[in-house]
Amino acid sequence: MLRVPRVLARSLEENTVALEHRMARARIKHGISILPFDVISEILASNRPTLKEAVELSHVSSHFRQAILSTPLIWASYALHPCMSSEQIVSLANRSGTRSLAARIRPRLGIEDWDKRVEHILSFSTRLKRLVIENIDDASALSLQVHHSNLLMPIIDELSIDCSRFVFCVHFYASWSLRNVKRLEVTNFIPKPVFGQHLSSCHIKFTQMFDVEFLLRFIGSLSLKDLKIELVDISEAGIDIEELAGVDISSITSYSFHVIGQTSNMFARSVLCTISPPKVVEMSLSIVYPGYPEGGAESLTWSQREYLLDPLQKFSMLKILNLHFSGPAFEYAMCFNILFLGVPDSVENFRLEAPGHILDLGRFGPIENAPQLRTLCFCNCGGVESRFLRKVRRQLLRNGVPLERLEIIGCRPLIEEKDLRGDFPTLEIVWAP
């Protein structure tokens, strides 16, 4: 008899919890239903849901669905691409109202009506602000050239063309109106000079041999502020090219130079010596899994300096230098003094990032025209402990380097913050292990 009341009590408790859950959902649904459209639109626009999420949210309620479908900012954030049907492309563009659009064009990949879908995308060319063309092949490039010449793109801001998997021959974009492009990103080809003076940032990536002189002339035809060059797995040796008369690249003030994979150090040095803007103020030099010469770890370090650090002396106006070395840790420590000898004397802010590498001071004698560093940063380096830092500080003082700020970021915790501040009481310390 006693079991009956317990069963009834448990059932009543479960029903009460279920009722509370239903009431909570009803309150939430009611709250959503009375929110104004502009509030819902603002919330959705700020969170930028994916296209799939937007469709799912439209099923919450008719109120929500109406708010989502009537918010152009949401639909304008999705890129048009040939994987959509022609009806979806047109519908997405129309729901975006008068806002600017983005498009991503990919190779055919078995799509029978690829040309028709691309035609629908490019029919909105006057509204395109960003256009990305991925892994384009010659057949697709020829189709673009034949069927979509003289395209008007008055508001396009960013253009990216990737030919990483194919040998590129057809410059389909040459007849397009691209005078307002501000950011350009290309892979494995040197563009024709069809861009206007608005182009300020250029990222060029190569995974195969290219004509360095031709690249220099293209860069000289622009008024760039920011230049990034990536060399990936280019094993051929390079040949230094003499400075070309009439090629002016002095407008560039920010320069990133990345050597990745099995790229020949000799070729990388050739490119860096040839393309060396004289008025660069900030520079990033990154070496990621490079093709080192034989001879062990010491040859590795000296090779880095000989082939890729010596050309840095050409940048006489450099103020900020970021060096990044990433790859398998080698047997011996990376000598800080060898890296430091390659730093131009104009540099005031020096950042060294070497994940997985142990740092050692090495021999550090007097330096003529030592860099007048104000800030020294070690990021993701090994071996950064009090004794090493005290040696660095002592040697910098001997060479008249007026260090004011020391940053230790992401390094292994071989040192405590209190010890760091105790060893360097006169320096501003940034410590983020």
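Quick summary incoming for the structure in this document. Everything numeric here is computed off the predicted structure, so don't read it as measured data.

Conventions and cut-offs
- Residues numbered from 1 in each chain as written.
- Predicted model: local features only at pLDDT ≥ 70, side-chain atom pairs only at ≥ 80, totals over all residues.
- Heavy atoms only, no water.
- Helix = DSSP H or I, 4+ residues; strand = E, 2+ residues; numbered from the N terminus.
- Buried < 20%, exposed > 50% of the residue type's maximum accessible area, 1.4 Å probe, protein only.
- Contact = heavy atoms within 4.5 Å.
- Axes fitted to C-alpha atoms, helices over the stretch in contact; angles between N-to-C directions.
- Parallel < 35°, antiparallel > 145°, perpendicular 65-115°, else oblique.
- Nonpolar A, V, L, I, M, F, W, Y, C, P; charged D, E, K, R; others polar.
- Salt bridge = Lys/Arg side-chain N within 4 Å of Asp/Glu carboxyl O.

Helix and strand counts for the protein chain come out as 14 helices and 15 strands. Classification of the 433 residues of the protein chain by burial places 46% in the buried group. Contacts in the protein chain between residues at least 24 apart in sequence constitute 77% of all its contacts with a sequence separation of at least 6.

What follows covers the packing of helix α6 (residues 86–95) against helix α7 (residues 114–122). Running from N to C, α6 and α7 point in directions that differ by 10 degrees, and their axes come no closer than 9 Å. Taken together, the axes of α6 and α7 lie roughly parallel to each other. Facing α6, whose interface residues are Ser86, Ile89 and Val90, α7 presents Lys116, Arg117, His120 and Ile121. Looking at the contact of α6 with α7 residue by residue, the class counts come to three nonpolar, two polar and two charged.

Time to look at unusual backbone geometry. Phi at Asn135 is positive, roughly 45 degrees, even though this residue is not glycine. Among the secondary structure elements, Asn135 is positioned in the loop between β2 (128–133) and α8 (138–147). Classification of Asn135 by relative accessible area gives buried; the value is 16%.

Okay, the environment of Asp162 next. Of note, Asp162 is situated in strand β3 (residues 158–162). Along the chain, Asp162 and Val186 lie 24 residues apart, while their C-alpha atoms are 5.6 Å from each other. The contact partners of Asp162, leaving out residues within four places of it in the chain, are Ile133, Glu134, Asn135, Ile136 and Thr187.

Scanning the entire structure with this criterion turns up 13 salt bridges. Here Glu134 and Arg104 are joined by a salt bridge, their closest N and O atoms 2.5 Å apart. With a gap of 30 residues between them, Glu134 in the loop between β2 and α8 and Arg104 in strand β1 (residues 101–105) connect regions that are remote in the sequence. Across the pair Asp157 and Arg183 runs a salt bridge, and its minimum N-O distance is 2.3 Å. Of this pair, Asp157 sits in the loop between α8 and β3 while Arg183 sits in strand β4 (residues 183–187), and the two are 26 residues apart along the sequence. Overall, Asp157 belongs to the buried group, its relative accessible area being 8%. When its relative accessible area of 38% is taken as the criterion, Arg183 is described as partly exposed.

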